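Chains, contacts and geometry: an overview
Below, each chain spelled out in residue letters.
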Amino acid sequence: MVDRCVVLGAGIVGALTAYRLTERGMRVTLVDAGSAGSGTTATGYGHINASYAGYWDYFALRAAGVAGYRRLRAELGEAPWLTDAGCAQFESDETKRLALARHAERLQAAGYSVVSLTRARFAEMEPDVTVPSDVSEIFYYTDEAYLDTTALMAELLGRSVRWGLELCLNDPVTGFGLRDERIQSVHVKSGGRIETDVVVCCCGRWTDSVLALAGSGISLMIPHEPGTAAAGLIVTGSPVVQRLRRMIIANGVNIRPCGGGRLMIWSSQIDADIQEEERASGTWCQRPTELATAAMQAAQDYLPPLGSAEIETARICRRALPRDGLPVMGWVPGIGGLYVIAAHAAVTLAPALAELSVTEVSQTTEAAALDGYRPDRFTRADKPVAAGVHPH
């Protein structure tokens, strides 16, 4: 009988998993080396989507995550943490425009809501956005949203604690107690020992080092080192007078509202520059403010009010990247009672990952939707390194 569970990692995936397990009546302790939501969750762009072409191999799981937030909103009631005004995308380059149109058709065929907009119709929806003259069609993903992760986590943890969740924060895991190759307890730096039936590891880019403490030699994640595709620069501008309601992706420049007249910006080209610089130097990027200025200037082409904005924050998000780019979910081979969840785009995937994993952890019933994402695939053969990722 599975009654006690320790969830490691208090990011959005860990918080949602702990919420679902507690909801089912399990005795749950949520452990983190820092404060809740202080890792990758705190630095991402927060775009809830299944539209990025590079993620087609797990489109269905991402779409389930998008739908999962609406179910969560209906469940929790008011949801100031979710803004679902949709996302509009356009490309000027002819080759990229044709590829985008083909991808939109593929999304529509899969049941994803995509609407083709004329320039005139888009101008009515977003009058402050400047669309280049060579763009005749804008694709609008109607069901997409952006997330205030801090507000959602406060709601989830508040409810979970009322249901009995125990928090163990700012207390790193130092080891595990095992008997007959099965986890019996989790040991933390403060000297505490938490008895448990199962452990769910939601530690993001720290996953491999935590699993190693249990004696696992499996390597799931791209190493956390300069030059990998893990870096993503997220820029927030000072308040400006503007009327942007939706997220836009304008020739690879992502812009979205983030409250109080502020706008958040992310550029795939800037990310590529950071990766190349880090790869060449072998050190971490030390000039986020300089690169943030370039991102702001690129965004001004499409949202001129940004011309009067100053940079408020420029942070480099260091994302969790499984070695083959696909989510990793399931029981860790060779160690009883140790379950792992690791994924890029974890903010989008979180509701689906939590719901599916809780079924497997609390009921020991395998979820068919997770076939192909099991950690034992890394014990069979080396996988290619992921590339072309996004900070969501």
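Residues numbered from 1 in each chain as written. Predicted model: local features only at pLDDT ≥ 70, side-chain atom pairs only at ≥ 80, totals over all residues. Heavy atoms only, no water.

Focus: empty space enclosed by the protein
Scanning the model with the defined rule gives one cavity of 30 Å³ or more in all. One number sums up the size of the largest cavity: a volume of about 50 Å³. Around the largest cavity, the lining residues are Arg-205, Ile-222, Pro-223, His-224, Thr-228, Ala-230, Arg-319, Ala-320 and Leu-321. Among the residues making up the lining of the largest cavity, the classes are represented as five nonpolar, two polar and two charged. (1 Å grid on protein atoms, 1.4 Å probe; cavity = no way out; pocket = protein on both sides within 12 Å on 5 of 7 lines; lining within 4 Å. Points joined across faces, edges and corners; volume = space filled by probe spheres on them. Nonpolar A, V, L, I, M, F, W, Y, C, P; charged D, E, K, R; others polar.)

A word on the sheet that holds strand β17 (residues 263–267)
Pairing within the open sheet is mixed, and its eight strands lie in the order β6-β7-β5-β15-β16-β17-β14-β18. Edge positions in the sheet fall to β6 (114–117) and β18 (311–318), since each has one partner strand and no second. For this sheet, the mean angle separating the axes of adjacent strands, direction not counted, is 20°. Looking at chain direction, strand β15 (residues 247–250) and strand β16 (residues 253–257) are connected through three bridges and run antiparallel. Directly across from Ile-248, in β16, lies its bridge partner Ile-255. Each of β5 (87–90), β6 and β7 (138–141) is contacted by helix α3 (residues 94–109), which is oriented at about 30° to β7, the strand it contacts most. Along the sheet, helix α7 (residues 268–281) contacts β14 (231–237), β17 and β18; its crossing angle with β14, the most-contacted strand, is approximately 130°. (Pairing = 2+ DSSP bridges. Helix = DSSP H or I, 4+ residues; strand = E, 2+ residues; numbered from the N terminus. Axes fitted to C-alpha atoms, helices over the stretch in contact; angles between N-to-C directions. Contact = heavy atoms within 4.5 Å.)

Some thoughts on helix α1 (residues 12–23)
With twelve residues, α1 should cover 16 Å at 1.5 Å per step; its first-to-last C-alpha distance of 16 Å lies within 8% of that length. The element α1 is largely enclosed, with a buried count of eleven among its twelve residues. Backbone geometry just after α1 places Gly-25 at a positive phi near 90°. (Expected span 1.5 Å × (residues − 1). Buried < 20%, exposed > 50% of the residue type's maximum accessible area, 1.4 Å probe, protein only.)

Thoughts on the confidence of the model for the protein
On average, residues of the protein score 92 in pLDDT, and 96% of them are at 70 or above. Across residues 384–392, confidence stays below pLDDT 50; counting only partners more than four residues off in sequence or on other chains, it has 40 contacts. (pLDDT = per-residue confidence, 0-100.)

A closer look at the nonpolar core
In summary, soluble globular proteins display a tendency toward joint burial of nonpolar side chains. Counting 73 residues, the largest nonpolar core has Val-7, Ile-12, Tyr-69, Trp-81, Leu-152 and Leu-156 as the members making the most contacts within it. The element best represented in this core is helix α9 (residues 346–363), accounting for nine residues. With residues near it in sequence (within four places) discarded, Leu-152 still touches Ile-12, Tyr-69, Leu-72, Leu-76, Trp-81 and Leu-147. Membership of the second largest hydrophobic core comes to 34 residues, among which are Ala-88, Phe-90, Val-131 and Leu-291. (Core = buried A, V, L, I, M, F, W, Y, C linked by side-chain atoms within 4.5 Å.)

Some thoughts on the sheet that holds strand β10 (residues 173–179)
If you trace the three strands from one edge of the open sheet to the other, you get β10-β11-β12, paired in antiparallel fashion. With partners counted over all chains shown, the strands left at the sheet margins are β10 and β12 (193–195), one partner each. Ignoring which end each strand starts from, the neighbouring axes of this sheet average 30° apart.

A few points about the pairing of β10
Across six bridges, the pairing between β10 and strand β11 (residues 182–188) is antiparallel. Bridging across to β11, Gly-177 finds its partner in Ser-185. Linking β10 to β11, which pair antiparallel, is a turn of two residues; within it Asp-180 sits at a positive phi near 55°.

Thoughts on the packing of helix α2 (residues 59–76) against helix α5 (residues 149–162)
Interhelical geometry of α2 versus α5 gives an angle of 55° and a closest axis separation of 13 Å. Between α2 and α5, the crossing angle belongs to the class labelled oblique. Relative to α5, α2 is oriented so that their crossing is left-handed. Contacts from Tyr-69, Leu-72, Glu-75 and Leu-76 of α2 reach α5 at Leu-152, Glu-155, Leu-156 and Arg-159. (Parallel < 35°, antiparallel > 145°, perpendicular 65-115°, else oblique. Left-handed = near helix turned anticlockwise from the far one by under 90°.)

Quick look at the side chain of Thr-22
By secondary structure assignment, the location of Thr-22 is in helix α1. Classification of Thr-22 as buried rests on a relative accessible area of 5%. Leave out the neighbours within four places in its chain, and Thr-22 touches Val-28, Ser-160, Trp-163, Gly-164 and Leu-165.

Points about the environment of Thr-130
Considering the arrangement of structural elements, one finds Thr-130 in the loop between α4 (119–125) and β7. Judged by its relative accessible area of 36%, Thr-130 is partly exposed. Here the alpha-carbon distance between Thr-130 and Leu-303, two residues 173 residues apart in the chain, equals 6.1 Å.

With respect to the state of the cysteines
By the definition in use, this model includes zero disulfides. This cysteine, Cys-203, is not joined by any disulfide, and Cys-201 carries the nearest cysteine sulfur, 3.6 Å off. Residue Cys-203 is classed as buried on the basis of its relative accessible area, which comes to 13%. (Disulfide = S-S within 2.5 Å.)

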